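# Chain and residue survey
What follows is each chain in one-letter form.
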Amino acid sequence: MKDLARAVGGGIAVGIANVIPGVSGGTMMAIMNIFDRTMNAISDVTKKENDHRRKDILFLLEVVLGAGIGILGFSFLLEKLFAVIPMPTVFWFVGLVALSVPVFLKSQMKDVKFHATAFIIGAAIVAALTVAKVIWFPEEAPQIDPVTGAEIKIAYDLPAFSIGNSLLLTLAGTVSGFAMLLPGISGSLVLMILGLYEFVWFNYVNNAKLLFKEFSLDTVIKFIPAGFFAIGIVLGIVLSAKFTAFAMKKNARFTLSALLGLVSASAVSIIFVNMQKMTADVWMIVGSVVAFAIGGAIVWLLGKVTAD
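Throughout what follows, the structure given in this document is the object of discussion. Everything quoted here is computed from the prediction, not taken from an experiment.

## Section: the overall build of the chain
Regarding its fold elements, the chain presents 14 helices and 0 strands. In the chain, the succession of α and β elements from N to C terminus is α-α-α-α-α-α-α-α-α-α-α-α-α-α. Here the chain holds 308 residues, and 45% of them are scored as buried. Pairs at least 24 apart in sequence give 80% of the contacts found in the chain among residues at least 6 apart. Accessible surface for the chain amounts to roughly 16,300 Å². Of this, 72% is attributable to carbon and sulfur atoms.

Here's what the structure looks like:
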């Protein structure tokens, strides 16, 4: 039961993380202490000889179930939190990520010597992605109705099916899926840099309700590219797991130090990526400090609960 709760809970954390630009699903897996188990299961499940294939598949299904719950069940809640208390919400995630560094050190690197060059390379990758997002894809200010003063909501219609969209989303899903499991790198952030975040989330994910409200053959056909995106994500995740397993086998010290650099830099990256969501009044600052502490406390508790 404890393993089931850890797998589903870790999946939920991954799902929530991949909704928010700058927050890494891989970091959440490290916090929940399922990073190694997930990477090994993905890598081993495709091997010809695998005595524990059934256990690996069951574990991965539990993680995927949790991720689905995280994405579908919490995306609306997070959207509301960002609308009402954006700065504390950002710093809650910062607290989660920042306090995960000592957890990562304790769980992953207790017997591994630190490699400074690898750490710098990992941090530099996150820094480069962050700078690219901030400079090339700044968040646009909301449009305000001059008469009512209310924010104008942009309607995103479900695009018509096309082979071009299907191929584009397969590639985007592969790149995003590869990044999704690496600690410190956000799949949503990669989609933003590719210029596809709004196209994927607003046109397809936010319109998923149409499959139930206005079910028809035409609607199903329009959602086919979203299926290719899902296939791309699975392909990217498998490639990411294979790459990580290969890197760990070749040089565990370098790989773990680079992953530590990714995680450490992502705590700062979250702030810069979401900078325009923040308003620095006194209560927001106080709330952010409290939220940061709560995030850190959650990591500490999870470290206790999920410890082997």
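Next comes the rest of the account.
## Digging into the nonpolar core
Across soluble globular proteins, nonpolar side chains show a tendency to be buried alongside one another. In this structure, Met28, Phe59, Phe93, Phe104, Phe229 and Ile270 are the most contacted members of the largest nonpolar core, which totals 65 residues. No other element matches helix α5 (residues 86-108), which puts 10 residues into this core. If near-sequence neighbours (up to four positions away) are discounted, methionine 28 is found in contact with Ala13, Val14, Ala17, Val23, Leu96 and Val97.

## A word on the environment of leucine 191
Along the chain, leucine 191 falls in helix α8 (residues 187-193). With relative accessibility at 2%, the residue leucine 191 sits in the buried group. Taking the C-alpha atoms as reference points, leucine 191 and valine 175, separated by 16 residues in sequence, lie 8.3 Å from one another.

## Brief notes about helix α7 (residues 163-180)
Each α-helix winds once per 3.6 residues, and so residues spaced three or four apart point in a common direction. With 18 residues, α7 extends 25 Å from end C-alpha to end C-alpha; this agrees with the ideal 26 Å at 1.5 Å per step. Taken together, the buried positions of α7 are Asn165, Ser166, Leu169, Ala172, Gly173, Thr174, Ser176, Gly177, Ala179 and Met180.

## A word on the packing of aromatic side chains
Tallying each qualifying case throughout the model produces 3 aromatic pairs. For the cation-ring pair, arginine 37 lies above phenylalanine 59, with the distance from its terminal atom to the ring centre recorded as 4.5 Å.

## As for the packing of α5 against helix α13 (residues 252-273)
Look at α5 against α13: their axes get within 8 Å of each other, and the N-to-C directions meet at 165°. In terms of orientation, α5 lies roughly antiparallel with respect to α13. Our pair here, α5 against α13, has a crossing hand that is left-handed. In this structure, α5 uses Val90, Phe91, Phe93, Val94, Val97, Ala98, Ser100, Val101, Phe104, Leu105 and Gln108 to contact α13, whose residues at the interface are Leu256, Leu259, Leu260, Val263, Ser264, Ser266, Ala267, Ile270 and Ile271. Classifying every residue of the contact of α5 with α13 gives 16 nonpolar, 4 polar and no charged.

## Brief notes about the side chain of threonine 38
Summarising the element assignment, threonine 38 is placed in helix α3 (residues 35-45). Threonine 38 sits in the buried class, given a relative accessible area of 3%.

## What to know about α5
Here α5 is 23 residues long and its end C-alpha atoms lie 32 Å apart, about the 33 Å a rise of 1.5 Å per residue gives. The largest bend in α5 is about 35°, located at valine 101, with the proline proline 102 one to four residues further on.

## Some words on the side chain of threonine 89
Considering the arrangement of structural elements, one finds threonine 89 in helix α5. Owing to a relative accessible area of 5%, threonine 89 belongs among the buried residues under this scheme. Of the polar contacts made by the side chain of threonine 89, one reaches the backbone oxygen of leucine 81; its length is 3.4 Å. Beyond its immediate sequence surroundings of up to four residues, threonine 89 is in contact with Leu81 and Phe82.

## So, the pattern of salt bridges
When charged atoms on two side chains of opposite charge get close, those side chains can pair. Enumeration over the complete set of coordinates arrives at 1 salt bridge. With a closest N to O distance of 3.1 Å, arginine 37 and aspartate 56 form a salt bridge. Of this pair, arginine 37 sits in helix α3 while aspartate 56 sits in helix α4 (residues 53-84), placing them 19 residues apart in sequence. Residue arginine 37 is classed as partly exposed on the basis of its relative accessible area of 33%. Residue class for aspartate 56 comes out buried when judged on its relative accessible area of 2%.

## Digging into a nonpolar patch on the surface
A cluster of nonpolar residues, Phe161, Ile163, Leu167, Leu217, Ile221, Ile224, Phe228 and Ile231, forms a patch on the protein surface that exposes about 770 Å² of accessible area. For the nonpolar patch, the secondary-structure elements that each account for two or more residues are α7, α11 (217-222) and α12 (224-250). Top element by residues in the nonpolar patch is α12. It accounts for 3 residues.

## Side note on the environment of isoleucine 270
Looking at the secondary structure, you find isoleucine 270 in helix α13. Overall, the relative accessible area of 1% leaves isoleucine 270 in the buried class. When the C-alpha atoms of isoleucine 270 and phenylalanine 91 are compared, they prove to be 8.5 Å apart, with 179 residues separating the residues in sequence.

Reading the values: rules and limits
- Residues numbered from 1 in each chain as written.
- Predicted model: local features only at pLDDT ≥ 70, side-chain atom pairs only at ≥ 80, totals over all residues.
- Heavy atoms only, no water.
- Helix = DSSP H or I, 4+ residues; strand = E, 2+ residues; numbered from the N terminus.
- Buried < 20%, exposed > 50% of the residue type's maximum accessible area, 1.4 Å probe, protein only.
- Contact = heavy atoms within 4.5 Å.
- Areas by Shrake-Rupley, 256 points an atom, 1.4 Å probe, with all protein chains shown as cover.
- Core = buried A, V, L, I, M, F, W, Y, C linked by side-chain atoms within 4.5 Å.
- Expected span 1.5 Å × (residues − 1).
- Phe/Tyr/Trp six-rings, centres within 6.5 Å; stacked < 30°, edge-to-face > 60°.
- Lys NZ or Arg CZ within 6 Å of the ring centre and 35° of its normal.
- Axes fitted to C-alpha atoms, helices over the stretch in contact; angles between N-to-C directions.
- Parallel < 35°, antiparallel > 145°, perpendicular 65-115°, else oblique.
- Left-handed = near helix turned anticlockwise from the far one by under 90°.
- Nonpolar A, V, L, I, M, F, W, Y, C, P; charged D, E, K, R; others polar.
- Bend = angle between axes of the 7 residues up to and from the residue.
- Polar contact = N/O pair within 3.5 Å; in protein donor to acceptor, adjacent residues only side chain to side chain.
- Salt bridge = Lys/Arg side-chain N within 4 Å of Asp/Glu carboxyl O.
- Patch = residues over 30% accessible without salt bridge, like charges linked within 9 Å, V, L, I, M, F, W, Y side chains within 5 Å.

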